[in-house]
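# Architecture at a glance
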Amino acid sequence: MTSRTRDHKGRPVVAVTGLGLVTSLGAGKHTSWARLVTGQSGVKSITRFPTDGLKTTIAGTVDDMDVAPYSAHDLAIRMAEAAAAEAIAQARIGRPLHFPGPLIVATPPSEFEWPHLRAMHGVPGGEGLDGYARMLANARTRAFDDLARHIRFAAISDRLKAAFGTQGEPLSICTACASGATTIQLGLEAIRRGDTEAALCVGADATVHPEGLIRFSLLSALSTANDEPTKASKPFSKGRDGFVMAEGAGALVLESYDAARARGARILAIVRGCGEKADEHHRTRSRPDGAAVIGAIRKTLDDAGVHPDEIDYVNAHGTSTPENDRMEYFALGAVMGDRLRNVPVSSNKSMIGHTLIAAGSVEAVFSVLTIESAKLPPTINYDPDPELPLDVVPDPGRESPVATVLSNSFGFGGQNVCVVFSAEPA
Amino acid sequence: MGRITDKREVWITGIGLASSLGADTEAHGALFSGEAVEPSVDEDRYDPYPVHPLAELDFGRQIPKKSDLRQMEAWQRIGVYAAGLALTDAGVAGDGALLDRTHLAVAAGSGERDTKVDCDVLERLDQRGDAAVLAKEVLPGALRPTLFLAQLSNMLAGNISIVHSVTGSSRTFMGEEIAGLAAMENAFRRIQAGQADIVLAGGALNAEREDLLLGYEIGHNLWRGGHRPVWARAREGGGFTPGSVGAFLVLEARSHAEARGAAPYARISALETERTQRQAGDVTRALSELLERLGVPVPTGPLPVLSGASGVAPITEEELSFFDDLTARGRAPITRAYGSLIGHGVEAHFPAGIALAALALRHGQLPPPSETDDIELPLTGAIDRVLVTGVGHWRGEGLALLDRVSEKTA
């Protein structure tokens, strides 16, 4: 039943034909990748706002995009547009202002940020008015109409749809830190159904602002190793103490294999399968028995028709929190058995931090680049944790052919999504 | 584009509704008794903005653990409650094996801010002006970690998984009304294509929030003043009246429902969505094109329509032009803007419309017409199908066609 164009369940095979990337290592996949495989870090002290007194003062910010004044919404759009344009250009698909498929975008929260609230609160607004009543009165005057885009979730996908001419209703997705992987899953499913022959999958996140930082800090999720920013993110290491918030965007053009071949497109990789499993245990913690994470990996391999022994490399979620890394090790062991010791498992977050909503997209791009280049990106800052005996590909990385990659994404709220990519079948 | 042809039938086997009218299918059944129903509107609390407040209900009936209730704000409670009603109604609640392979498709907006904390911060910023320092001084003490979780869009889904043990998969869609269109469409298409057998799909809105009102006033989308039905508002300047709504449905492949002996409310025969730029005429044109895209013949004669019109101008009037086009093509739309009765549920609005359409088919009635002279005509005779429209207040268009499942085939 399996052939070049139909998978093990008789469904259309889905290919990746375009990639785009923005990370704290730089804009463009070539820049980011060249720095990633040589073990450079994009984590640095935050300069966007004063950080005195904060427990965490570092992040993987994207500082070289021209967005002033900063807003999470505006920076996310700028990064998403850059990544999507790069992916479409590589795929050489469609025409300007006409991408022949839907847009699926993982986007950060749409909320007023403090400067916006301050602006609306900073005008008296009327006799005796205060708080929200004052802001509502000022909003009615139409003096603050330009803030509307910040509060609409559909605004980012709307802008991207207009910029690239994608088809139909654009989707905005949030499955927390699994969101980027979910966009790929939705694209894969739509192509398999025959709803479309192509999809543009994008994830972007730019939420390094005071409230974002404080929120995650209150959950005790962030590293406080501020003194040496590039060493703070240390997935699977003995002294790991939390993740480093980061910004970035990733974009992939997915196409049915048949359609891609018919138009002579270069196939970068095959999306073999996706799987997901929700966790009902706790709002921020996984089930202790690992059932949800294990279930997500197993469902992914089943969907992909891939035996655990066929996985040559794992692009780990690897956040560098004590709990995530332990759970990921445990779950991979449950699925791969003793073989896990010999399977390279590296975490890009050691260098670019955790790009949150965008992480699944960014890491999917890195996974495909790993297959393309036969280079395994390292896990930097590695100090072995004897409880997690893994081949994390310590700095300086390694050259090795890779046919099949498992990319993991796990989110707060219990949403776990994994993707398997393979090289084009010979 | 070569869509698969052997599509499976999609049934609605469970409905969970909570709104200003009450909290279950029985309470909403009153809409289909043929008697007039008085909308529940609070015009004072957020003056000049009327809202449809959530009816008083006992959340503990669907969210038994106090610790779970404490972890949620109203938006999540409404949604988790409605989700529980739908699962119970479908006979899925408590069936661990089935819940483990039940999928979730949730429409969500922003979570809820602690408006008191916001005001406290803003007050001090007025005096000091150094935003970052104050954000450090005030927020760390005021932002509870649990409140942060209340602000995450995907935590409605997370809480449904935790409280009701729905763990097959979980996808949260955002984008105002588009979120509701997308969640329903995703569930529908996956079941049709055999990618899922059973999906809990829907959304929730807590209208009783100043931060929500501010978010929509910034786009001048809200109706001000006394309550008016949707069509009347569109003619008088436009604006929507938010309603607290939780709307969840259990959608199921017919074969899956039959195998476990679940009875259908109705079948979703077709569901199509679009997004236009909204230049003049776009919405009318898009709805007409969507009707063609449904791929299901809609016979001439009376066509019951549950309209998701928001009341925002000129979009709501464009929807009326679509009904005129329908009339010109031999169909006689008998419309009801259900937003006149329960308010505009934004993310939850389209799921609520589909839920009400399913109830209409079960009861053989439409909701009572609102007081808008010539638009909402009386219904005579039985109904076998209902068209549901979803037209976002600034983006997103969609149509769903529901059919009665005849006794014979059921």
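First, a word on what this report is: a plain description of the structure on this page.

What counts and what doesn't
- Residues numbered from 1 in each chain as written.
- Chains lettered and ligands numbered in written order.
- Predicted model: local features only at pLDDT ≥ 70, side-chain atom pairs only at ≥ 80, totals over all residues.
- Heavy atoms only, no water.
- Salt bridge = Lys/Arg side-chain N within 4 Å of Asp/Glu carboxyl O.
- Helix = DSSP H or I, 4+ residues; strand = E, 2+ residues; numbered from the N terminus.
- Buried < 20%, exposed > 50% of the residue type's maximum accessible area, 1.4 Å probe, protein only.
- Pairing = 2+ DSSP bridges.

With that out of the way, let us pick up the pattern of salt bridges. Throughout the structure, instances matching the rule amount to 62 salt bridges over all chains. One salt bridge connects Arg293 of chain B with Glu274 of chain B, and the closest N-O pair in it is separated by 3.1 Å. Here the residue Arg293 of chain B occupies a position in helix 13 (residues 282-293), and Glu274 of chain B occupies one in strand 6 (residues 266-274), the gap between them amounting to 19 residues. Arg293 of chain B sits in the partly exposed class, given a relative accessible area of 39%. Note that Arg278 of chain B and Glu397 of chain B form a salt bridge whose closest N and O atoms lie 3.0 Å from each other. Of this pair, Arg278 of chain B sits in the loop between strand 6 and helix 13 while Glu397 of chain B sits in strand 10 (residues 397-403), and the two are 119 residues apart along the sequence. The buried category is assigned to Arg278 of chain B, whose relative accessible area is 14%. Overall, Glu397 of chain B belongs to the buried group, its relative accessible area being 0%. Here the salt bridges share partners, and the residues they tie into one network are Arg193 and Asp195 of chain A together with Glu185, Arg189, Glu272, Glu274 and Arg293 of chain B.

Residues and elements named next belong to chain A. For strand 7 (residues 198-205), the tally of buried residues reaches 8 of 8 residues, placing the bulk of the element in the interior. Burial of strand 7 is two-sided: the residues Ala198, Leu200, Val202 and Ala204 facing one way and the residues Ala199, Cys201, Gly203 and Asp205 facing the other way are all buried. The pairing of strand 5 (residues 103-106) with strand 7 spans 4 bridges and is parallel. Pairing of Ile104 across the sheet is with Cys201, part of strand 7. In terms of strand pairing, strand 7 meets strand 8 (residues 248-256) through 8 bridges, oriented antiparallel. The residue bridging Gly203 from the neighbouring strand is Gly250, located in strand 8.

The analysis is restricted to geometry; functional conclusions fall outside its scope.
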